[in-house]
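Inside the fold
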Amino acid sequence: MTLQLFDSRSQSLREFKPLTKGEVGIYLCGPTVQSAPHLGHLRSALVYDQLRRWLEATGLKVTMIRNVTDIDDKVLENAKAQNTPWWELAYKYEQQFNDSYRRLGISSPNYEPRATANIIEMIRLIEVLIDKGHAYHVEGTADVFFSAESWKDYGELTNQRSDDLVDDAEAASRGKKNPRDFALWKSRKDDEPEDASWDSPFGSGRPGWHIECSAMSVKYLGTKFDIHGGGLDLRFPHHENELAQSRAAGHEFANFWLHNGLVNVSGQKMSKSLGNSILASDILTDSNALALRYYLGSAQYRSVLDYQEGVLAEAKSAIERIKTFLERCERALSATKKSEDAKAEFPEKFSKAMNEDLNLPAALAVLHEVIREGNSSLDQEKLGDAANAYSQVLAMVNVLNINPTDSFWHGSEASSQSMSALDGLVTSLIAQRNAARDNKDFETSDRIRDQLKAVGVVLEDSAGSTHWSLGG
Ligand SMILES: [Zn+2]
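A few points on the structure. (Residues numbered from 1 in each chain as written. Predicted model: local features only at pLDDT ≥ 70, side-chain atom pairs only at ≥ 80, totals over all residues. Heavy atoms only, no water.)

Take unusual backbone geometry next. The peptide bond linking phenylalanine 236 to proline 237 adopts the cis configuration, its omega dihedral lying at 0 degrees. With respect to the element layout, proline 237 can be found in helix 6 (residues 235-248). Backbone geometry at glutamine 11 places phi at a positive 55 degrees, although glycine is not the residue there. The topology assignment puts glutamine 11 in the loop between strand 1 (4-7) and strand 2 (12-15). By relative accessible area, glutamine 11 is classed as partly exposed at 41%. (Helix = DSSP H or I, 4+ residues; strand = E, 2+ residues; numbered from the N terminus. Buried < 20%, exposed > 50% of the residue type's maximum accessible area, 1.4 Å probe, protein only.)

Laid out in structure tokens, this is it:
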């Protein structure tokens, strides 16, 4: 049974075969770091993390590139509104994205190129397009546009005929020959900061959004690579334009195009104007990160995911069922038995579901079915069957990275518990020290302070109260 993936370009399920035996290159459109990450961003990164883990589980070596768009109209606008340098704003949000990804257990890509670090590659690609007659430079400006009508296959990704296409909104500039032409290079505007533009043969300016991904994917994965992914909202114009310019430059480009569905909130599209966006910072806490990962990864990746009240509670009880089963097995099965079975195979039905375009609802149904059967084997003391179920469940939850007994999901919870226990102890010692001082028993008060210092707790007295900290 081989992996079938839905290729958006051919609008069909196709058998996935790596271009190079044993290896897979994936380019994923990463965030434009203009504002804080929301639920939709998290889902997008998560579904490609599931894909990557599944490919790796089948023995393939995956190279995943996920870019950061750190220069863009919105980045500049928001930086201006917040009266902060654009690069500082972009970096602040980049860190928020990475922090959220990490907390959700999403593996880092093999490389994460920033657009501003690849300007030379973009300029070279634009020069190729001009030389081949697919792009033109507007006299007296630094603007360069891709000529949509020069590329006969324009519209192929989204199956649109050229006449039906909406005009490109990004470039409202003078000098465009056709409303569907799109910007490859944009002149610096007078009110834009000077450090947001780069010298180029066309004049001082900055790249358009689409050219960034065409240049970066080829730089890191070559002119032909396996999979290009992104959210459904990127299909047009972003991916259509990427494909047109890359192929016009002579690159074969992506073999498969994957698009993930968006996240709605109670049946409505998340949007700024409706004020219903759920930010990662509103929802992602250390104690619910695993439930959020489970929930966001529980639907088929192409479907719309409708976030509603109560979905995380459901995810938590599913995780609780997994945890209870694993712990029950660990108590019931001997250590030898467990290690013998450590090299588990996935149940055939699970592999089949995953190979059907990552059919997660079906794969999770298999997981819970094996747990049910495993529990009844334990009830009937059929330990051989229970051990089998145990190792299968471990294999499934590990490949999906939803193993509730994995220390990854408890590190911060455990450390916050220890911190609060430590705070209780130190606070009570501080009270004893203060009482000793009030009684002018300085020998005792100094001894308490020195004992705390010896274990790395430093006291600081100020304005009648005592504050403690670690280290110092
Ligand atoms: Zn992109």
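Let us keep going from here.
The next thing to look at is the sheet that holds strand 6 (residues 144-146). An order of 5-6-7-8 is seen for the four strands of this open sheet, with the pairing classed as antiparallel. Each edge of the open sheet carries a strand with a single partner, namely strand 5 (135-137) and strand 8 (205-207). Strand-to-strand twist in this sheet, taken as the mean axis angle between neighbours without regard to direction, amounts to 20 degrees. The sheet contacts of helix 4 (residues 119-131) involve strand 5, strand 6, strand 7 (182-187) and strand 8, and relative to strand 7 the element is tilted by about 120 degrees. (Pairing = 2+ DSSP bridges. Axes fitted to C-alpha atoms, helices over the stretch in contact; angles between N-to-C directions. Contact = heavy atoms within 4.5 Å.)

This brings us to the coordination of the zinc ion. Looking at the metal site, the zinc ion is ligated by Cys29 (SG), Cys213 (SG) and His238 (NE2), spaced 2.1 Å from it. All donors to the zinc ion come from one chain, and their sequence spacing reads C-x183-C-x24-H. Here cysteine 29, found in the loop between strand 3 (23-28) and helix 1 (39-57), pairs with histidine 238, found in helix 6; they are 209 residues apart in sequence, far enough to count as distant. Classification of histidine 238 as buried rests on a relative accessible area of 0%. (Donors = N, O, S within 2.8 Å, 3.2 Å for Na, K, Ca; no water.)

Enumeration over the complete set of coordinates arrives at 29 salt bridges. A salt bridge links arginine 247 to aspartate 153, with the nearest nitrogen and oxygen atoms 3.3 Å apart. Remark: aspartate 153 occurs in the loop between strand 6 and strand 7 and arginine 247 occurs in helix 6; sequence separation between them is 94 residues. For aspartate 379, the salt bridge is made with arginine 328, and the minimal N-O distance between the two is 2.6 Å. Placement of the pair is aspartate 379 in helix 12 (residues 360-379) and arginine 328 in helix 9 (residues 311-332), with a sequence separation of 51 residues. Judged by relative accessible area, which is 56%, aspartate 379 ranks as exposed. What makes arginine 328 partly exposed here is its relative accessible area of 26%. One network of salt bridges, with partners in common, ties together Arg9, Lys152, Asp153, Glu156 and Arg247. (Salt bridge = Lys/Arg side-chain N within 4 Å of Asp/Glu carboxyl O.)

Turning our eyes to something else, we now look at the environment of arginine 321. Inspection of the secondary structure assignment puts arginine 321 in helix 9. On the basis of relative accessibility, which here comes to 46%, the residue arginine 321 falls in the partly exposed class. On a C-alpha basis, the gap between arginine 321 and proline 404 in space is 9.8 Å, while along the polypeptide they are 83 residues apart. Apart from the residues within four sequence positions on either side, arginine 321 is in contact with His368 and Ile371.

In short, geometric facts, not functional conclusions.
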